[in-house]
Each structure stands twice: as C-alpha cells, then as structure tokens.
Amino acid sequence: MRRTEVARRKLGFRALGLGVAAAGAALVWLAASCGADNLEAPRAELSQAQLSQCRSFDQLMPRFVSALRTGKTEGLKRVVEDHLLASDRPGEPPPINDVLRSLFATLGGFAKLPPETGAPSGQTCVPTGGATALPPVSQAHPLCETRRLLDSLVHEGKGIDALKLVDPLIAGVMNYLIGRAPSSAAPHYEVSGIVAKLCAQSQVCQLSDGLDLVTGLVAYAETAEGKAMLDRVNGLTANPALQPFLTNDGAQYGGEHGVVALVKVLLTTLLGMADPSELDSLPIDQLPVELQPDLKALLADLKKLLDPNRSPNVLRPLKKAANCINVEDPNSELVRMVYRLALVQKLPAFGLTSLTSTLKGIRDTDQRGTLVHLVGTLAAALRADEPAIDSAAKVCQTLFSNKTTSAQTRSNAELALPVVADLFSDGVAAEAVCAIDTLVYGCAGGQQPACGSP
C-alpha cells in the first residue's frame, strides 16, 4: 500500500475519536474474552476454499471505510486532534488515551482473576453445555461471561433485533441535535450544550454520581423485585390509554407541556425526598383512571428501589443526578427531545412499546442476566479510577460543546456531531457487530446472522 494511502487511513481512523475508542474498547474486550484467556484449542487451519469465503475489512464495513476515504470524518478528526489527543496539563495523557489506559488496566485485572470453579485443568472458563454447571453470574469470570453473552446474542443471533436498534437510536438523537429529517427541521445545538454541561465535572454534576447510580440500578435489576418492576413497566407501556394521554394537550399532564410539568413535579419531589413514602404526594389521581392501577404498582416498586437503606444505594446518587439535570436543563430540553422523537416525529426506534419489549426480549434471551451484570462490573471498575472518570467526562464535554471562539467559529458539536450522525445513519454499529463476530468466530463454516448477506 502506498504511503499516502496509509497516511490517509491513519488520519481517518484518528478522526473517529470517541467512536474509535469505544469500538476499540469493544473489540479488545470481546477478543480478550474469546481468545487466550479462554485457553481453548486453536482453530484448525483453514483451507484455501474456506479462506475464499472470508471478506476483507473493506467488505465487512463498507460504509465505514467509504466515510474515511471520502473525507466525511474531517470535522470529527479536527475536534479529536485539537482537543482530545492533546493533553490539558504537562505530564498528563490526552483524554482519549487515558480512557483507553483505564480499559486496558481493567482487562488486565480481569485476566489475572482465577479460573472459574469447575473449569477444566489449564482453562479459565467452564464450557457451556458441558457436564459441569456454569457458576452463578456473580461468581463467573467476567471474560468468560462476555464470551457466553457474545455467543448467544451475536453469533447465534438471539439479540440481533436489539442490536439493530443502536444505529437508529443514536442517529435519531444526533439528527435532532443537528437539525436533520426525520428527527427535526431545525438544529438544537442548545441541547448538545446541555449534554456538555451534564458531562462537566462541576459543583453540581459529577460523572461518579452517574456511575454510582448505574451500580445501584444494576444491583436492583438483578433482584426478583427488579425483574418484576420491568414487567410492570412493560404492562404500563402496553396500556392502550397511555399514548392518547401523552399526546393530549388538553389534559393537565398530557402533551409535551403536560409531560414536562409532570417530570418537574417528580424532580421536585425527588430532590426534597427524605423517605420514599413522599412519593405518595405525586398527582396520580389526576391522571387517566385507566392508568392509575399500573402507576400505583410502579409507585410501590419505586419505594423499594429508593429505600435509603438499600445497598448499593440508589436514592443518594439519583438525587445528585436529578439536581444536576434540574440545574443545567431548567427548561427540560432533554425531556422535550425524547418526547418529540417518540410522539411527534414517531420514530420507530423511540416507541415506548418498542424500547420496553426490546429490553424484555434481551432479558428473556439472557436469562443469566449477564449483560446487566457486566454493565455493573464496568461501571464499578471505572468508578474506582478517578483519572479515567475525569478523562471520560472531558471527552463527552468536548464532543458536545456548543461554544465557539475567535479561532474556531464553528463549535465542536457543529464539527463533530454531523459526522457521528452520518456514521450511525449509515449503519456503522451493525457493521461493527458483524466485524466483531468475524474477528472472534472466523468467517468460514459457521453462521453469521449479524452479517446478513455478503
């Protein structure tokens, strides 16, 4: 390959910035979970006929490669090179480098964990479907659990429908921010500025609070009470009276303004809460009679979730996160965005029944609860790494910033977000899932439901 082509590709990959870091993290995580740490026998050498079935990286991710070659990533590249690959302070690594450093440190820590109880001699993982029962997810090796999850959701195709939602969800939000149909006819960079403030490490907003909240929610979701609560959420979203109420501007808490008002009542109640019983003050009796039984059942679930004695605690980090949102988003622009995408523009990926049924589908497929548990494991690992927290917050804040300067007349958001929108509108996440499947399982002699037709 010519040097100019090599240089161009290197710049293209650097242009992906946060996307590359996230994709690289996923690839390293998944490859580690399925490679040497499993200590399984290597695959047999592929024949020439089998090798001919393999597609190149260009064929596995054609839209991604096309974006790199045509210069569509230029705006994101500029933000990454000017801000995220440059250190703020002498002697400190650039933000993206530090996030990746934390990832590799986390993987290294997992790799040093002892084998699972019952694993064959010289191996780390208990084989799936073998004579030895798999350990409970809380006692399983994180890399082994990742392998099992990937095998079920991706390679066997049981979670493909859920994975297909990633592209339209992210594209829907990005198109709303930049003002592109079908999400919005006008840009909303003020909303990206709010996201940047939420990511900032300030007096009212701390990423560590969000990680503590994730840890608490994951722990609750793994309980029988948490699973029952998800079933009740599904029941509420399937209630025929819900959507007409949400879109009825004549109702006190219906329509966009009514939903915003209801969220504000909930935030005010939460911020002043000392005991979950204070949720009884919410105006449930002013909502449609058909919804009240489901809502009262959910209210009982929330009281258990927000028990101040629950460990890991949910109430304390939730109050901190709610205060952050209340201060930095006083006009509830984030709520309005979700409302408009789901109920005004009616984007399929944002439908309430679509989202909740997808969550239920993942739970039914992943009955061990591996995905939820791994999310909690990663959140706890990042929470223990303060420099990585600051770096991750810096990446987010920089990417969504809507501020301009005399030297940069277009904000970072204006430069970077259209690139992100293009990539996910073109299905880059789906292409990445196919590439991961090929990397881990090979390309010959087996199914690849994530890849579709060659």
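Structure first, text after, so check above.
Residues numbered from 1 in each chain as written. Predicted model: local features only at pLDDT ≥ 70, side-chain atom pairs only at ≥ 80, totals over all residues. Heavy atoms only, no water.

**As for a nonpolar patch on the surface**
Residues V214, L371 and V375 make up a contiguous nonpolar surface patch of roughly 180 Å² in combined accessible area. Relative to the assigned elements, L371 resides in helix α20 (residues 370-383). Since its relative accessible area comes to 31%, L371 is described here as partly exposed. (Patch = residues over 30% accessible without salt bridge, like charges linked within 9 Å, V, L, I, M, F, W, Y side chains within 5 Å. Areas by Shrake-Rupley, 256 points an atom, 1.4 Å probe, with all protein chains shown as cover. Salt bridge = Lys/Arg side-chain N within 4 Å of Asp/Glu carboxyl O. Helix = DSSP H or I, 4+ residues; strand = E, 2+ residues; numbered from the N terminus. Buried < 20%, exposed > 50% of the residue type's maximum accessible area, 1.4 Å probe, protein only.)

**Examining the side chain of Q292**
Relative to the helices and strands, Q292 resides in helix α16 (residues 292-305). Exposure remark for Q292: the relative accessible area of 13% places this residue in the buried category.

**Some points on the state of the cysteines**
Counted according to the given criterion, the structure contains four disulfides. Residue C205 pairs covalently with C324 via a disulfide, S to S 2.0 Å. Between C205 and C324, the disulfide has an S-S torsion of 95 degrees and is therefore right-handed. In this pair, C205 sits in the loop between α11 (189-199) and α12 (207-221) while C324 sits in helix α17 (residues 315-328), placing the two residues 119 residues apart along the sequence. As far as the burial class goes, C205 and C324 line up, both buried. (Disulfide = S-S within 2.5 Å.)

**Digging into the environment of S56**
Looking at where S56 falls in the secondary structure, it is placed in the loop between α3 (48-51) and α4 (57-60). Looking at S56, the relative accessible area reads 36%, which means it is partly exposed.

**Observations regarding the pattern of salt bridges**
Taken as a whole, this structure holds 20 salt bridges when the rule is applied. In this structure, R78 and D82 form a salt bridge, with 3.9 Å as the shortest nitrogen-oxygen distance. Here R78 pairs with D82, and both are found in helix α6 (residues 74-84), just four residues apart, close to one helical turn. Judged by its relative accessible area of 35%, R78 is partly exposed. According to the relative accessible area criterion, D82 is partly exposed, its value standing at 43%. Sharing partners across several salt bridges, the network here consists of E116, E145, R148 and R368.

**Considerations on the packing of helix α15 (residues 255-271) against helix α18 (residues 333-344)**
Packing of α15 against α18 leaves a shortest axis separation of 10 Å and a crossing angle of 140 degrees. With respect to their mutual orientation, α15 and α18 come out oblique. α18 is crossed by α15, and the crossing has right-handed handedness. Residues G255, E256, H257, V259, V260 and V263 of α15 form the contact with α18, whose participating residues are V335, R336, Y339 and R340. When the residues that make up the contact of α15 with α18 are grouped by side-chain class, the tally is five nonpolar, two polar and three charged. (Axes fitted to C-alpha atoms, helices over the stretch in contact; angles between N-to-C directions. Parallel < 35°, antiparallel > 145°, perpendicular 65-115°, else oblique. Left-handed = near helix turned anticlockwise from the far one by under 90°. Contact = heavy atoms within 4.5 Å. Nonpolar A, V, L, I, M, F, W, Y, C, P; charged D, E, K, R; others polar.)

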